[in-house]
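Coordinate analysis (summary)
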Amino acid sequence: MLRKLIPLLALAGTVGAISQTQAAELTLSCGAVGAELALCEEGVRRWEEKTGHDVNVVSTPNSSTERLSLYQQILSAQSGDIDVMQIDVVWPGLLANHLLDLNEILGDDVADGHFQTIVDNNTIEGRLVAMPWFTDAGILYYRKDLLEQHGVEPPDTWQELTDIATRIQAEERQAGNDRMWGYVFQGRAYEGLTCNALEWVASYGGGTIVDDQGEITIDNPEAAEALELAASWIGDISPRGVLNYTEEEARGVFQSGNAVFMRNWPYAWSLLQSEDSDVRDQVGVMLLPHGPDGESSGVLGGWNLAVSRYTGHPDVAADLVAYLTSEEEQKRRAIESSYNPTITALYEDEEVLTAVPFFSTLYETFANAVARPSSSTGDNYGRVSNAFFNTAHGVLSGDRNSAEALAQLETELSRIKRRRW
Ligand code: GLC
């Protein structure tokens, strides 16, 4: 900080100007999944150089569920410890009361050019409580080389994925590759399982847990069938350990060459393609499979930047948000680390598309990803998601029959709904 203050003071000239240009010290929380933290720090460094302000970057737990409880603790204590926060696309409704309106500070057009659905998602009672930073959708990674060697085409349905994974896993093991698994995904009891399980359910035509009107829809035969197939994977094509996997554990297994298929977010791409990856140039990316009568349903994810209501530096903090979410930064993050821009024009940028070809081939998936029911359940979303992932986890673990578990979940959600939404 001192290092940056000196040139500012030297430039300032008068005492009045000194206090106006005094460097602020901010704290920003960033995620640390894969290369995320380094990418965030690099953006921050550029802004610090431009402005002379100082930012302390703090990393947060990788699990979105754990991050949320950390933020809720800090914000409910009205603490100004974190000025700028990276918030999940499902949190604006939960956290809105603690966040500043960025339209008020940065102007009404600050989010022009970003996906309108995300801007709407982040606008709570007319207030833009977070700027879109990157978007996400669940996608399927597969080993092109293995599918080719075993003479099979990539799967359209979950049943096909199961059959292909079973066969390649068995043949590879027989050939001495005894650590090979068919399919890895996020099966820990946390927000990531809500995303995976919702993808199974929605792609079987089983709805989105709660619909847009707030009606609970989860107790249906398609949803039960989807969860049943997923439960059959455990210990079969997926290691039992998957019940404790988040994004990074799944990537670890796939990147070291020990899985045929992986469900993950786009960030994994640039890491799979890195110099030290065991599967560099052997990976294909495609839509997630679907159920017998349904459609592929990649769930919408993504992260936004918000300014805490308890910050001592609202204007400087908002300026940092504007810079980090700018086209320049989103382009750098897309090219270096395959983070999906929220600025639509970047999906037509040649350099971006060369670095990440599936940003164009899977554009429709990103633009039309299936939303979790966070808007319809408002500040109850956390409870709804917890109930859903715990139910899915019980079914995957083999402790519960899927149809019964979903009937119980419906009752539990009705209880939550009666109290609040
Ligand atoms: C990704 C998504 C986020 C989601 C999380 C679940 O980070 O962007 O929206 O909640 O994964 O693990």
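Coordinates for the structure precede this section.
For the structure given in this document, a descriptive report is provided here. (Residues numbered from 1 in each chain as written. Predicted model: local features only at pLDDT ≥ 70, side-chain atom pairs only at ≥ 80, totals over all residues. Heavy atoms only, no water.)

**Some details on the overall build of the chain**
Test applied: Each helix is a run of DSSP H or I of at least 4 residues and each strand a run of E of at least 2, with the numbering of both proceeding from the N terminus. Our radius of gyration looks at C-alpha atoms and nothing else; its globule reference is 2.2 Å times the residue count to the power 0.38. Each residue is assigned to one of three classes by its accessible area relative to the maximum for its type, calculated with a 1.4 Å probe on protein chains only: buried under 20%, partly exposed between the two thresholds, exposed over 50%. Contacts between residues were defined by any pair of non-hydrogen atoms, one from each residue, lying within 4.5 Å. Calculation of accessible area relied on Shrake-Rupley with a 1.4 Å probe; when residues are assessed, cover is drawn exclusively from the protein chains displayed. The charge count treats Lys and Arg as positive and Asp and Glu as negative. His and the chain ends do not count. The atom standing in for a charge is NZ when the residue is Lys, CZ when it is Arg, CG when it is Asp and CD when it is Glu.
Counting secondary structure elements, the chain contains 21 helices and 11 strands. Taking 22 Å as the expected radius of gyration for a compact globule of 421 residues, we find that the chain reaches 22 Å, a close match to that expectation. When the backbone C-alpha atoms are referred to their principal axes, the chain occupies close to 75 × 55 × 35 Å. Buried positions account for 57% of the 421 residues belonging to the chain. Long-range pairs, those at least 24 residues apart, make up 73% of the contacts in the chain between residues at least 6 apart in sequence. Counting every atom, the chain has about 17200 Å² of accessible surface; 46% of that belongs to carbon and sulfur. Of the side chains in the chain, 29 bear a positive and 63 a negative charge, and the two mean positions are spaced by 6 Å.

**Points about unusual backbone geometry**
Even without a glycine there, the phi angle at Gln78 is positive, about 55°. The backbone of Glu125 shows a phi angle near 45°, a positive value even though the residue is not glycine. With respect to the helices and strands, Glu125 occurs in the loop between β4 (123–124) and β5 (127–128).

**As for the state of the cysteines**
This is how the line gets drawn: Defined by distance alone, a disulfide is two cysteine sulfur atoms within 2.5 Å.
Within the structure shown, the criterion is met by one disulfide. Left unpaired, Cys195 is separated from the closest cysteine sulfur, that of Cys30, by 20 Å. Overall, the relative accessible area of 3% leaves Cys195 in the buried class.

**Digging into the pairing of strand β2 (residues 54–59)**
Heads up, the condition is: A pair of strands is labelled paired if DSSP reports no fewer than 2 bridges between them. A clockwise course of the path from the first strand over the helix to the second, judged with the strands pointing away from the viewer, identifies a crossover as right-handed.
Across six bridges, strand β1 (residues 25–30) lies against β2 in parallel orientation. Considered in β2, the bridge of Ser29 is made with Val58. For the segment spanning β1, helix α3 (residues 36–51) and β2, crossover handedness is right-handed.

**A closer look at the nonpolar core**
Across soluble globular proteins, you tend to see nonpolar side chains buried next to one another. Here is the rule: What makes a nonpolar core is a set of buried Ala, Val, Leu, Ile, Met, Phe, Trp, Tyr and Cys residues whose side-chain atoms join them at distances within 4.5 Å.
With 139 residues, the main nonpolar core has Leu28, Tyr141, Trp200, Ile218 and Phe261 as its most contacted residues. For this core, the leading source of residues is helix α20 (residues 381–396), giving eight residues.

**Some thoughts on the packing of helix α10 (residues 191–203) against α20**
Where we set the bar: Fitted lines through C-alpha atoms serve as axes, helices being fitted only where they are in contact, and the angles separating the N-to-C directions of these axes extend from 0 to 180 degrees. For classification purposes, angles smaller than 35 degrees are called roughly parallel, those larger than 145 roughly antiparallel, those between 65 and 115 roughly perpendicular, and all remaining angles oblique. Residue classes follow a fixed rule: Ala, Val, Leu, Ile, Met, Phe, Trp, Tyr, Cys and Pro count as nonpolar, while Asp, Glu, Lys and Arg count as charged, and any other residue, Gly among them, counts as polar.
As a packed pair, α10 and α20 sit with axes 9 Å apart at the nearest point and diverge in direction by 70°. In terms of orientation, α10 and α20 fall into the roughly perpendicular class. Where α10 approaches α20, its residues Glu191, Leu193, Thr194, Ala197, Leu198, Trp200 and Val201 are matched on the opposing element by Tyr381, Ser385, Phe388, Phe389, Ala392, His393 and Leu396. Among the residues making up the contact of α10 with α20, the classes are represented as 10 nonpolar, three polar and one charged.

**As for the site of the ligand**
The cut-off we apply is this: Here a residue is near a molecule or strand as soon as one of its heavy atoms is found within 4 Å of it. Side-chain atoms alone can form a polar contact between residues adjacent in sequence; in general such a contact is a pair of N or O atoms within 3.5 Å, and within protein one must be able to donate a hydrogen while the other accepts it.
Around the ligand lies a shell of 13 residues, among which Asp88, Asp136, Glu247, Gly302 and Arg372 are the nearest. Asp136 is positioned with one of its side-chain polar atoms (N or O) 2.5 Å from an oxygen atom of the ligand. Gly302 places a polar main-chain atom, nitrogen or oxygen, 2.8 Å from an oxygen atom of the ligand. For the ligand, the protein covers 93% of the area, taking 310 Å² as the surface of the free molecule. Those elements that place two or more of their residues in the shell around the ligand are α10 and β11 (300–307). Among the elements that line the shell around the ligand, the one with the most residues is β11, at three residues. Each residue belonging to the shell around the ligand can be placed in one class, and the counts come to four nonpolar, four polar and five charged.

**Topic: the sheet that holds strand β10 (residues 283–286)**
Read from one edge to the other, the open sheet built from four strands follows the order β8-β9-β7-β10, with strand pairing classed as mixed. Across the chains shown, the open sheet's two edge strands, defined by having one partner strand only, are β8 (181–184) and β10. Neighbour-to-neighbour, the strand axes of the sheet open up by a mean angle of 15°, direction not taken into account. Bridge analysis of β8 against strand β9 (residues 259–264) gives three bridges, and the strand direction is parallel. The residue of β9 that forms the bridge with Trp181 is Ala259. Across the sheet, helix α12 (residues 247–255) is in contact with β7 (139–143), β8, β9 and β10; its angle to β9 comes to roughly 155°.

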